[in-house]
4 protein chains.
Amino acid sequence: MNDTTEIIQELIKFRNARDWDQFHNPKDLALAINVEAGELLELFLWKNHDEADKEKVKEELADIFAFAFLLADKYGLDVKQIIFDKMRTNAEKYPVEKAKGTAAKYTEL
Amino acid sequence: MNDTTEIIQELIKFRNARDWDQFHNPKDLALAINVEAGELLELFLWKNHDEADKEKVKEELADIFAFAFLLADKYGLDVKQIIFDKMRTNAEKYPVEKAKGTAAKYTEL
Amino acid sequence: MNDTTEIIQELIKFRNARDWDQFHNPKDLALAINVEAGELLELFLWKNHDEADKEKVKEELADIFAFAFLLADKYGLDVKQIIFDKMRTNAEKYPVEKAKGTAAKYTEL
Amino acid sequence: MNDTTEIIQELIKFRNARDWDQFHNPKDLALAINVEAGELLELFLWKNHDEADKEKVKEELADIFAFAFLLADKYGLDVKQIIFDKMRTNAEKYPVEKAKGTAAKYTEL
């Protein structure tokens, strides 16, 4: 079994044991991702780029991944597939010869 | 090769071809996750739970995953491992007999 | 003295007494707004529209306002002015006859 | 009339002309604040502290303020009052003698 499938299976087992599927509608899962993203961001607040506490980053990142995997599952999306699809789109928006070495948004390239 | 490894390899190939590693410090990657999470959230704004445009959800979710994988890689974290570790922690915070069927935070169980 | 001026003066007094201006660059203030916005959002997570704890909403909203006023001050912006300017822009994007009773984004009107 | 009152009155006039009160429940207003906060944050992404476009900061900040004022109004909150109340709470969490010159969270002072 590939590991994204395994991750989703375990998350669903955890959720179903607690009967939480009733709360996990797509909108609230999107909220949850934002809440966890905010907690991740707090670890960097008023700090230099590399000063966040790695152990806490690990936990917040795990929470973001968990809700993102659960939302992907709600829509029946294959995580590897959607990332690869998006890279193809981005490859057109950000062709190497234009985008190399610049952080500009594609609308300003 | 398992697919989380494959995803990270492809993301890094894409990034390095554009020489973007110089911008991808941990703090800005955390920012990027928040920016994309906000774009995901917008798809549900003023809407009922299931009314978001699936095609757009797919794209925003892909962006969140991409930056989350890149941040995990920055810290040398194994994505499956950190999710499974967090589930173990959460299993203690949210024991089945207490948490079943309630959306309350563990501090209020 | 009008009350937005009074708010900013008090916030700056509070900040300067703690010598925090050194941390309050525009980027980190924008981060702080996001962190506090995430904490506000958490109060609504898995809940119906009106089920958040009002006392907590009050506190998170105060934090968002505080950092928003401090960021406005950094850029020398007059809060009433920028809101009224934005309403003028939005009045063009969302003319009453098109926007009435619909939550659609202006790009879809 | 003080200017926070004036701001809220104008925002409500704008909203009511478009019959948008039906969409402006507290939860979606909290979402809207997060969406706008994410757009503000994007202006600083991959950039140094002061490199954001001031004109765009002005607009995103106006949006955050607008939804924050509307949410305060939903709960009948006086904006100046809640900010001053929060400063009093924070003055206890962050006494000058402990907090001066440090960005540490109160839990770590």
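This text gives an overview of the structure that appears in the document. This is a predicted model, so every value here is computed, not measured.

## Topic: the overall build of chain A
Right, so step 1: In terms of helices and strands, chain A carries five helices and zero strands.
Right, so step 2: In chain A, the succession of α and β elements from N to C terminus is α-α-α-α-α.
Right, so step 3: In terms of overall size, chain A is more extended than a compact globule, its C-alpha atoms giving a radius of gyration of 17 Å where 109 residues would be expected to give roughly 13 Å.
Right, so step 4: A total of 109 residues make up chain A; the buried ones form 53% of that total.
Right, so step 5: Accessible area for chain A stands at about 4,900 Å²; split by element, carbon and sulfur atoms hold 44% of it.
Right, so step 6: In chain A, which carries 16 positive and 22 negative side-chain charges, the distance between the mean positions of the two groups comes to 5 Å.

## Brief notes about the interface of chain D and chain A
Right, so step 1: The interface is formed by 10 residues belonging to chain D together with 10 residues belonging to chain A.
Right, so step 2: Roughly 760 Å² is buried in total at the junction of chain D and chain A, and carbon and sulfur atoms are behind 50% of that figure.
Right, so step 3: Here chain D is connected to chain A by six salt bridges.
Right, so step 4: In this structure, Lys56(A) and Glu108(D) form a salt bridge, with 3.6 Å as the shortest nitrogen-oxygen distance.
Right, so step 5: Where chain D touches chain A, the interface holds four residue pairs in polar contact (both at pLDDT 80 or more).
Right, so step 6: By residue number, the principal contributor to the side of chain D that touches chain A is helix α2 (residues 26-42) of chain D, which donates five residues.
Right, so step 7: Within the side of chain D that touches chain A, the residues separate by chemical class into four nonpolar, no polar and six charged.

## Re the pattern of salt bridges
Right, so step 1: Within this structure, the stated rule accounts for 44 salt bridges over all chains.
Right, so step 2: We note a salt bridge from Asp21(A) to Arg15(A), for which the minimum N-O separation is 3.4 Å.
Right, so step 3: A single salt-bridge network, built from bridges that share partners, covers Glu55(A), Lys58(A), Asp85(B) and Arg88(B).

Parameters at a glance
Residues numbered from 1 in each chain as written. Chains lettered and ligands numbered in written order. Predicted model: local features only at pLDDT ≥ 70, side-chain atom pairs only at ≥ 80, totals over all residues. Heavy atoms only, no water. Helix = DSSP H or I, 4+ residues; strand = E, 2+ residues; numbered from the N terminus. Rg over C-alpha atoms; globule rule 2.2 N^0.38 Å. Buried < 20%, exposed > 50% of the residue type's maximum accessible area, 1.4 Å probe, protein only. Areas by Shrake-Rupley, 256 points an atom, 1.4 Å probe, with all protein chains shown as cover. Lys, Arg positive; Asp, Glu negative; His and termini not counted. Charge placed at Lys NZ, Arg CZ, Asp CG, Glu CD. Contact = heavy atoms within 4.5 Å. Buried area = accessible area lost by both parts, 1.4 Å probe. Salt bridge = Lys/Arg side-chain N within 4 Å of Asp/Glu carboxyl O. Polar contact = N/O pair within 3.5 Å; in protein donor to acceptor, adjacent residues only side chain to side chain. Nonpolar A, V, L, I, M, F, W, Y, C, P; charged D, E, K, R; others polar.

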